[in-house]
Amino acid sequence: MNFENLKKTDSICYDLVQEEIERQETSLELIPSECIASLSTIEALWSPFTNKYSEWYPKKRYYAGCDVVDKVENLAIERAKKAYNVEHVNVQPYSWSPANMAVYTAVCEPWDTVMWLKLTEGWHLTHWWKASATSKFFNIVQYWLKEDWYIDLEEVENLALKHKPKLIWVWATAYSREFPFKEFSIIAEKIGAYLVADIAHISGLVIAWVHTSPVSFVDIITTTTHKTLRWPRWWMIMVTKKWLQKDKDLAKKIDSAVFPWLQWWPHNHQTLAIAVALWEALKPEFIQSNKQIVKNAKTLAKQLQKLGIKIISWWTDNHLVLADIWRWKGIFMHEACEIAGISLNKNTIPNDPASPFYPSWIRMWTPILTMRWMKEEEIKKAANFVWRIYNLVKHFEFSENKEIRLKNLKEFREFIKDNITLQEIKKEVKELCLKFSIYKNHDYKSKK
Ligand SMILES: *Cc1c(COP(=O)(O)O)cnc(C)c1O
């Protein structure tokens with residue numbers, strides 16, 4: 001695979017591709033929720049399926065010439081059913097926002113009550129009741145975490161009994177513990193609520209059986225395809241046997257919510273890429289790699305803890321490591337690490353005393369490092385880089401007063417801009433990364 005045609009027709013865009021490849025090759029991506037799509041899926045993405053219109057579903061298309069596209073979509077669906085052991089799959093949602101809305105459209109009426117984890121405790125912005133359209137159409141009840149950072153199941157039950165939500169979501173983007181699908185299902189059954197697991201983060205772990213599958217506990221499963229699944233960016237909505245036993249029409253309701261309610265034309269090159277990716281996910285290497293992702297996350301948590309960084313919930317059950325960087329200071333780590341070629345992200349903590357713009361946590365994960373074949377030794381090196389940066393920035397003041405805070409931030413940015421230690425770390429990061437090249441062994445990078 002190369003970019004010869006692009007190089008000939010548009011050297012500016014060609015150079016940007018090279019620049020991004022270089023960035024990915026030489027920096028340490030600890031940032032959730034990024035992964036590396038396999039080259040076969042990337043080839044699928046630029047296949048001529050992008051030329052085809054194919055509205056509606058296989059065998060029901062409005063446009064002519066959809067025979068091959070039908071085969072592709074059916075293949076993706078069959079493979080997904082096998083990988084997740086579900087009864088029905090919709091592979092058309094473009095991203096989370098429409099997938100999320102499709103679930104509501106299928107099972108809720110306007111102003112129904114829905115329940116989810118409070119955003120600041122690790123949920124997603126589409127579930128932030130003021131910043132998302134969902135709050136305009138639904139009545140929101142939020143549950144939260146206990147002091148030990150586990151989901152407060154007692155509170156979930158109290159809130160569920162009190163507010164009788166029509167739908168309960170389970171999952172988060174910043175939760176490093178095993179998700180209690182079974183406990184949620186007992187609560188949902190008590191009030192007859194639909195239970196939906198958004199497994200965006202742990203999707204790969206679920207296929208590899210390093211996280212409990214929600215399949216026998218929930219009605220609907222939604223997932224990204226580009227996180228631990230390491231596929232190109234996309235979404236799927238899946239329906240379990242449990243749901244179909246309740247209402248056999250609900251699979252149809254999901255399908256009509258996606259098309260024609262919320263979306264129209266499927267992106268067929270994406271569907272092909274998903275089919276390819278599902279094929280790869282059914283192989284032993286994929287399972288092995290997801291096991292290693294969790295192993296590496298545990299090594300990262302252990303090493304950071306050993307170096308004196310406070311790990312949220314003291315451990316991790318999955319692929320995420322969350323660290324408490326004191327009040328307001330997540331942003332210092334975020335920005336200093338970026339200069340040293342390390343990506344991680346700032347995140348709010350439950351009951352964060354700071355604002356979402358200057359939160360107190362940092363969030364890291366290990367999938368990309370694992371996909372580059374990094375193991376214990378390299379993970380420890382990564383932890384040491386983070387620790388060195390932490391020592392560099394931890395003494396910086398960050399005031400609660402807004403005006404002083406802006407001044408603090410300005411001083412901090414001056415300090416990190418050409419900081420020698422950060423530049424040294426950057427060099428070491430690059431050295432390590434080049435030993436574990438993402439693309440070198442492929443002809444992905446065409447010669448300039
Ligand atoms: C990442 C994530 C999303 C958002 O997915 P996008 O496709 O990036 O919009 C939604 N929900 C959860 C739980 C996630 O982790």
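Cut-offs and rules
- Residues numbered from 1 in each chain as written.
- Predicted model: local features only at pLDDT ≥ 70, side-chain atom pairs only at ≥ 80, totals over all residues.
- Heavy atoms only, no water.
- Near = heavy atom within 4 Å.
- Polar contact = N/O pair within 3.5 Å; in protein donor to acceptor, adjacent residues only side chain to side chain.
- Areas by Shrake-Rupley, 256 points an atom, 1.4 Å probe, with all protein chains shown as cover.
- Buried < 20%, exposed > 50% of the residue type's maximum accessible area, 1.4 Å probe, protein only.
- Helix = DSSP H or I, 4+ residues; strand = E, 2+ residues; numbered from the N terminus.
- Pairing = 2+ DSSP bridges.
- Contact = heavy atoms within 4.5 Å.
- Domains from an automatic or database assignment.
- Salt bridge = Lys/Arg side-chain N within 4 Å of Asp/Glu carboxyl O.
- Nonpolar A, V, L, I, M, F, W, Y, C, P; charged D, E, K, R; others polar.
- 1 Å grid on protein atoms, 1.4 Å probe; cavity = no way out; pocket = protein on both sides within 12 Å on 5 of 7 lines; lining within 4 Å.
- Points joined across faces, edges and corners; volume = space filled by probe spheres on them.
- Axes fitted to C-alpha atoms, helices over the stretch in contact; angles between N-to-C directions.
- Parallel < 35°, antiparallel > 145°, perpendicular 65-115°, else oblique.

## Thoughts on the site of the ligand
In step 1: In the vicinity of the ligand, 12 residues are found, and the nearest of them are T173, D198, H201, K227 and W235.
In step 2: Contact distances for the ligand include 2.6 Å between an oxygen atom and a side-chain N or O atom of K227.
In step 3: Protein contact buries 86% of the 380 Å² of open area that the ligand shows by itself.

## A few points about the pairing of strand β3 (residues 113–117)
As a general feature of sheets, a regular strand has side chains that alternate between the two faces.
In step 1: Most of β3 sits out of view: five of its five residues are buried.
In step 2: Sheet analysis places β3 next to strand β4 (residues 139–143), joined by five bridges and oriented parallel. The residue of β4 that forms the bridge with V114 is I140.
In step 3: Direction of pairing for β3 relative to strand β5 (residues 167–170): parallel, over a ladder of two bridges. Bridge pairing in β5 links V114 to L167.

## Description of the environment of N139
In step 1: With respect to the secondary-structure elements, N139 resides in strand β4.
In step 2: We classify N139 as partly exposed; its relative accessible area is 35%.
In step 3: Once the C-alpha coordinates of N139 and W111 are considered, the two residues, 28 residues apart in sequence, prove to be 5.4 Å apart.
In step 4: Aside from chain neighbours lying at most four places away, what touches N139 is W111, D112, T113 and V114.
In step 5: A distance of 2.9 Å separates polar atoms of two side chains, one belonging to N139 and the other to T113.

## Focus: the domain arrangement of the protein chain
In step 1: What the domain assignment reports for the protein chain is domain 1 (43–281) and domain 2 (294–434).
In step 2: One C-alpha centre belongs to domain 1, the other to domain 2, and the line joining them spans 30 Å.
In step 3: If you look at the interface, domain 1 gives 21 residues, while domain 2 gives 21 residues.
In step 4: Two residues, D317 and R177, come together in a salt bridge whose shortest N-O distance is 3.1 Å.
In step 5: Along the contact surface separating domain 1 from domain 2 lie nine residue pairs in polar contact (both at pLDDT 80 or more).
In step 6: When its residues are assigned to classes, the side of domain 1 that touches domain 2 shows 10 nonpolar, five polar and six charged.

## Looking at empty space enclosed by the protein
In step 1: Across all of its chains, the model carries one cavity of 30 Å³ or more by this definition.
In step 2: Computed from the structure, the largest cavity encloses a volume of approximately 40 Å³.
In step 3: L145, W149, A174, Y175, S176, R177, I312, S313, L322 and W361 are the residues that line the largest cavity.
In step 4: When grouped by side-chain class, the residues that make up the lining of the largest cavity number seven nonpolar, two polar and one charged.

## Structural notes on the sheet that holds strand β8 (residues 235–239)
In step 1: Ordered in space as β2-β8-β7-β6-β5-β3-β4, the seven strands form an open sheet in which the pairing is mixed. The open sheet has two free edges, formed respectively by β2 (88–90) and β4, since each of these has just one partner strand. Each strand axis lies, on average, 20 degrees off the axis of its neighbour in the sheet, ignoring direction.
In step 2: Those strands touched by helix α5 (residues 96–107) are β3, β5, β6 (194–198), β7 (220–224) and β8, and its axis lies near 150 degrees from that of β5.
In step 3: Sitting on the sheet, helix α11 (residues 250–262) touches β2, β6, β7 and β8, and the angle it makes with β2 is about 5 degrees.

## Thoughts on the pattern of salt bridges
In step 1: Using the criterion set out here, one finds 19 salt bridges in the structure.
In step 2: Notably, a salt bridge pairs R372 with E25, separated by 3.6 Å at the nearest N-O pair. Taken as a pair, R372 in the loop between α15 (367–371) and α16 (376–393) and E25 in helix α2 (residues 11–26) lie far apart in primary sequence, 347 residues in all. Here R372 matches E25 in class, with each residue buried.
In step 3: Across the pair K190 and E157 runs a salt bridge whose closest N-O atoms are separated by 2.5 Å. Pair noted here: K190 is in helix α8 (residues 181–191) and E157 is in helix α7 (residues 153–163), with a separation of 33 residues, a long-range link.
In step 4: What makes K190 exposed here is its relative accessible area of 52%.
In step 5: One salt-bridge network, held together by shared partners, links K59, R61, D70 and E73.

## Observations concerning the packing of α2 against helix α18 (residues 420–435)
In a pair of packed helices, the angle between the axes and the distance between the axes together describe the arrangement.
In step 1: Two elements in contact, α2 and α18, have axes separated by 7 Å at closest approach and are oriented at 100 degrees. Accordingly, the angle class assigned to the pair α2 and α18 is roughly perpendicular. In contact with E22, E25 and T26 of α2, α18 contributes V429, K430, C433 and L434.
In step 2: For the contact of α2 with α18, the per-class residue count stands at three nonpolar, one polar and three charged.

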